[in-house]
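# Coordinates in review
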Amino acid sequence: MNDHRLAGEATDEAPEAATTVAAEEGDGPGTPPGPDPDAPAEPGEAGGTDASGGTGDSGAREGSGAAAAPEPGPAAETPGTPEEPGSARRSAVAEALAAAVRAVESGERPAASFFNEPKPAARPARPARPAPAPRAAAAPPARAAVIPPSAELTEVLAAGGAPEQLAGPVAATLGEHAAEALREDPWRLLAVPGVRPEQADGFARALLGAECGPGDERRARALVGWLLERAALTGHTVLESTALRAELARRSVPDADEALQSAVAEGSVLVFREGPEPEETEETAEADGSGEPVRLLLGLDRYAMAEESLADGLARLANAAGRDEDLAGWEDAAAGAPSPSAAELIRAVASAGLVTHSGGEAARAEPAALIAAAEGLGLRACAAAHTEDGRRRLAALGVTDAVTLTGLLSGQEGPGRDEDGALALDVLAVLDAPQLDVETAALLVESLADGTRLVLSGDPGVLWSAGPGRVFADVVASRTCPAVVSRTPDPGPVGELVSGIAVGELQQVDAPGKEVVIVPVRDPGEAVHRTVQLVADSVPRAIGVPAERTQVITPGHGGPAGTRALNAALKERLNPGPGRFGGFDPGDRVAYVPAPGRMVPGAVVSADADGLRLDCGGTPVVVPPARVAEEVRHGWAVTAHQAAGTRWEAAVVVLPGDAAATLTRSWVYTAFSRGERHLSVVHGVDQALARAVAEVPATERDTRLRPLLEAQLRPAG
């Protein structure tokens, strides 16, 4: 990268770099508590995970899922899949599967002796949906009713030495009978966000006295659930049994195998086999020792069922595409497409019910062309983006009725639903598809009628979803549907730079208009100083982009150059004030998090008894006083995962020295591609940047969607 410095900036050659992936601090609005910084890596986090749950931005992870929505419906059984929760045979099946955790991996018995293919279950009838709703402006999702903590709960918490302010979260997590539940099982406190195992152990000791011990079955069961929830926060939908056993042993559980069996028998944890089908008999396997190793995976039922429901729904759409439509009309539309890649996408959708489309920012014109073509054929077509900014960018491409995915699923935007409760659509293009987590994707697919054509479109180089899963990557990797890869490059020096990053190359680019600027710094303090100077003075003066249209992006919330420190310095320079509205003043830029994994940029307007009043891209929002601390933080500086799906005229990416271990290629790609006209890099990571781009694509996530799709669909020709 060329060092086209702004006036007054230091000059040094841009260093080249390398690093491993490590955990970041993640305590943003709505973010479940991050890992204990002093604890070893959790299962699935090889040496720790980058902040996004495998993509470099845990500080941006505002929760473990996307927009609040009902659980997806059950899917048809697949090989190795236990029965649905609540069935009469559940305990017996779970216990039988749990036995495999020890026997298969120890070599005592082959997998074939445990796993048999179940009879396929009929697909459940589509549940009734609400009547179509009129189109309306997007609004914050409805909030769950608050359960006030009872006096009995406060008493139980006090007896266990827990702080009184924990009563509200405990009541919200465990319900109105929380006190009774904690008396019966004190370790259920571990289900409350923010509570760590050592805290739950202390609470249990205070209540149980001498009866409390590390081998208590209740403790072991709670730890299994806690470990799987922690894994979900880093993007995993399942974990290998070996990783779970190792973590349980590290936390002084005397019999990890028994703990896993107990959790599976209870029903909240499911166990799955991943590997070749058990075609050989036990005698044959023992005789010749043949067969590939079998992985035993465990996961929480909510994510397991969502992943299976999603696979079932995608297979249904792929197999139900209409073949009796006007193919000549589709071909005419393709012939008139604005680019070869747009024509390829139109032809793929003409003959398939499920299509993936990969490309950068310029490639968004191709789904836009598809929607125009479908509407020209008289079909009900819609394009949905992850953010309001993404919707506006689609509108600029001619898709004037584009929606956000959250608005579409809630009925506040889009065409509404038909008499059967499905979205009234023939063609749906979902942009920013890498941001889809498994639960949101399952809900989306369940909302589509047979015959609806679904296009999952996105940039494969960006960070994965804030919630568990890697839906877009798994669908592409399964090769079970047509995949269109755009040949339309992103223009300009920034586009050239990020195109190289996408293939692992951090190259120098010619930036005669100072489109890309490198600002070397020696320490975090200098990084903060240079960042404020860039936003408040240099970028407006030299580039012509005002401070309100420049976004600062940094790896995490904590540390001397995290979002908190940067926002404090930027507020002092750009909008000083006493913070009389819960730390905020009119004119403050904010990051508003109405639902886990969804950040909306905004600005403070005022505050009154109803709450903090924001202007979010022209939409007025009122955040109740009790929710401000959880849902609103200052937004001059955000993390890359918070920035995903949104672009600004200029971006200032801050890379302080203490961030070197958090960098991945996908983090760098996401952060560097947020600026439309200009990118400044405040560079203090020495050799770490180039090596991260070249050697650390992303931290892997353990998921099951790819094999589930491969089991149901033939490879696409």
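Thresholds, definitions, all that
- Residues numbered from 1 in each chain as written.
- Predicted model: local features only at pLDDT ≥ 70, side-chain atom pairs only at ≥ 80, totals over all residues.
- Heavy atoms only, no water.
- Helix = DSSP H or I, 4+ residues; strand = E, 2+ residues; numbered from the N terminus.
- Buried < 20%, exposed > 50% of the residue type's maximum accessible area, 1.4 Å probe, protein only.
- Contact = heavy atoms within 4.5 Å.
- Areas by Shrake-Rupley, 256 points an atom, 1.4 Å probe, with all protein chains shown as cover.
- Right-handed = clockwise from strand over helix to strand, strands pointing away.
- Phe/Tyr/Trp six-rings, centres within 6.5 Å; stacked < 30°, edge-to-face > 60°.
- Lys NZ or Arg CZ within 6 Å of the ring centre and 35° of its normal.
- Axes fitted to C-alpha atoms, helices over the stretch in contact; angles between N-to-C directions.
- Parallel < 35°, antiparallel > 145°, perpendicular 65-115°, else oblique.
- Left-handed = near helix turned anticlockwise from the far one by under 90°.
- Nonpolar A, V, L, I, M, F, W, Y, C, P; charged D, E, K, R; others polar.
- Pairing = 2+ DSSP bridges.
- Core = buried A, V, L, I, M, F, W, Y, C linked by side-chain atoms within 4.5 Å.
- Salt bridge = Lys/Arg side-chain N within 4 Å of Asp/Glu carboxyl O.
- Polar contact = N/O pair within 3.5 Å; in protein donor to acceptor, adjacent residues only side chain to side chain.
- pLDDT = per-residue confidence, 0-100.
- Arc of directions from axis to C-beta.

### Overview of the overall build of the protein
- When helices and strands are counted, the protein shows 25 helices and 19 strands.
- For the protein, buried positions account for 56% of its 717 residues.
- Within the protein, contacts between residues at least 6 apart in sequence are counted, and of these 76% link residues at least 24 apart.
- Here the protein has roughly 28100 Å² of accessible surface; of this, 51% comes from carbon and sulfur atoms.

### Topic: the pairing of strand β19 (residues 675–683)
- Summarising burial for β19: seven of the nine residues are buried, a large majority.
- Read as a crossover between parallel neighbours, the route from strand β18 (residues 648–655) over helix α23 (residues 665–672) to β19 is right-handed.

### Focus on the packing of aromatic side chains
- Inspection of every chain in the model, using the stated rule, returns zero aromatic pairs.
- Arg704 extends its terminal NZ or CZ atom over the ring of Phe272, reaching a point 3.6 Å from the ring centre.

### Some words on the packing of helix α2 (residues 151–159) against helix α3 (residues 167–174)
- In contact at an axis separation of 10 Å, α2 and α3 are set at 115 degrees when each is read in the N-to-C sense. Relative to α3, the element α2 lies roughly perpendicular. Pair α2 / α3 crosses with right-handed handedness. Taken together, the residues of α3 that come into contact with α2 (itself represented by Leu153, Thr154 and Leu157) are Ala167, Val170 and Ala171.
- A class-by-class count of the residues in the contact of α2 with α3 yields five nonpolar, one polar and no charged.

### Description of the sheet that holds strand β1 (residues 239–240)
- Pairing within the open sheet is antiparallel, and its three strands lie in the order β1-β3-β2. Because the sheet does not close on itself, it has two edges, and the strands there are β1 and β2 (269–274).
- With two bridges joining them, β1 and strand β3 (residues 295–300) adopt antiparallel strand pairing. Within β3, the position partnered with Leu239 by the bridge is Leu298.

### So, the nonpolar core
- Counting 81 residues, the largest nonpolar core has Leu157, Val170, Leu182, Leu189, Leu248, Leu428 and Leu454 as its most contacted members.
- For this core, the leading source of residues is helix α6 (residues 217–233), giving nine residues.
- Each residue touching Leu454, except ones within four places of it in the same chain, is listed here: Leu314, Leu317, Gly353, Leu354, Val355, Leu428, Val430, Val445 and Leu448.
- Leu506, Leu655, Leu679 and Leu689 belong to the second largest nonpolar core, which has 36 residues in total.

### Quick word on the environment of Cys616
- You can see Cys616 is positioned in strand β14 (residues 611–616).
- By relative accessible area, Cys616 is classed as buried at 7%.
- Counting along the chain gives 25 residues from Cys616 to Ala591, while the straight-line C-alpha distance between them is 9.3 Å.
- Every residue in contact with Cys616, bar those within four places of it in the chain, is listed here: Tyr592, Val600, Pro601, Gly602 and Val621.

### Some details on the pattern of salt bridges
- Counted by the stated rule, this structure contains 42 salt bridges.
- When the shortest N-O distance is used, the salt bridge between Glu152 and Arg183 registers 4.0 Å. Here Glu152 is found in helix α2, whereas its partner Arg183 is found in helix α4 (residues 178–184), with 31 residues between them in sequence.
- For Arg183, a relative accessible area of 42% puts it in the partly exposed group.
- Put simply, Lys571 and Asp585 hold a salt bridge, and the shortest N to O gap is 2.7 Å. Placement of the pair is Lys571 in helix α20 (residues 563–574) and Asp585 in the loop between α20 and β12 (589–595), with a sequence separation of 14 residues.
- Classification of Asp585 as buried rests on a relative accessible area of 3%.
- Beyond isolated ion pairs, a larger network of salt bridges with shared partners links Glu361, Arg364, Asp389, Arg393, Asp432, Arg647 and Glu676.

### A short note on the side chain of Arg219
- Along the chain, Arg219 turns up in helix α6.
- A distance of 2.9 Å separates polar atoms of two side chains, one belonging to Arg219 and the other to Asp201.

### Here's the deal with the pairing of β18
- Taking burial as the measure, the eight residues of β18 include eight buried ones, the bulk of the element.
- Across four bridges, strand β11 (residues 550–553) lies against β18 in parallel orientation. The residue of β18 that forms the bridge with Ile553 is Val653.

### Looking at the confidence of the model for the protein
- Looking at the protein as a whole, its pLDDT mean stands at 82, while 77% of the residues score no less than 70.
- Segment residues 109–139 is flagged for pLDDT under 50; beyond a separation of four residues in sequence, or across chains, it makes 71 contacts in the model.

### A closer look at α2
- All of the buried residues along α2 are Leu153, Val156 and Leu157. Buried residues along α2 cover an arc of 100 degrees about the axis, so they all sit on one side. Residues of α2 that are exposed and angled more than 90 degrees away from the buried face: Ala151, Glu155 and Ala158.
- For α2, the secondary structure elements touched by its buried residues are α3, α4 and α5 (197–208).
- Of the residues trailing α2, Gly161 is marked for its positive phi of about 80 degrees.

### Let's talk about the environment of Leu189
- Within the secondary structure layout, Leu189 lies in the loop between α4 and α5.
- On the basis of relative accessibility, which here comes to 3%, the residue Leu189 falls in the buried class.
- As a C-alpha pair, Leu189 and Ala222 span 33 residues in sequence and 8.8 Å in three-dimensional space.
- Setting aside its immediate chain neighbours within four residues, Leu189 contacts Leu157, Leu166, Val170, Leu182, Val195, Ala200 and Phe203.

### Notes on the sheet that holds strand β8 (residues 453–458)
- Ordered in space as β6-β5-β7-β8-β4-β9, the six strands form an open sheet in which the pairing is parallel. The open sheet is flanked by β6 (403–404) and β9 (483–485), the only strands paired with a single partner.
- Examined bridge by bridge, strand β4 (residues 354–358) and β8 share five bridges and lie parallel to one another. Bridging across to β8, Ser358 finds its partner in Gly458.
- Together, β4, β8 and β9 form the strand contacts of helix α12 (residues 340–351), whose direction differs from that of β9 by roughly 175 degrees.

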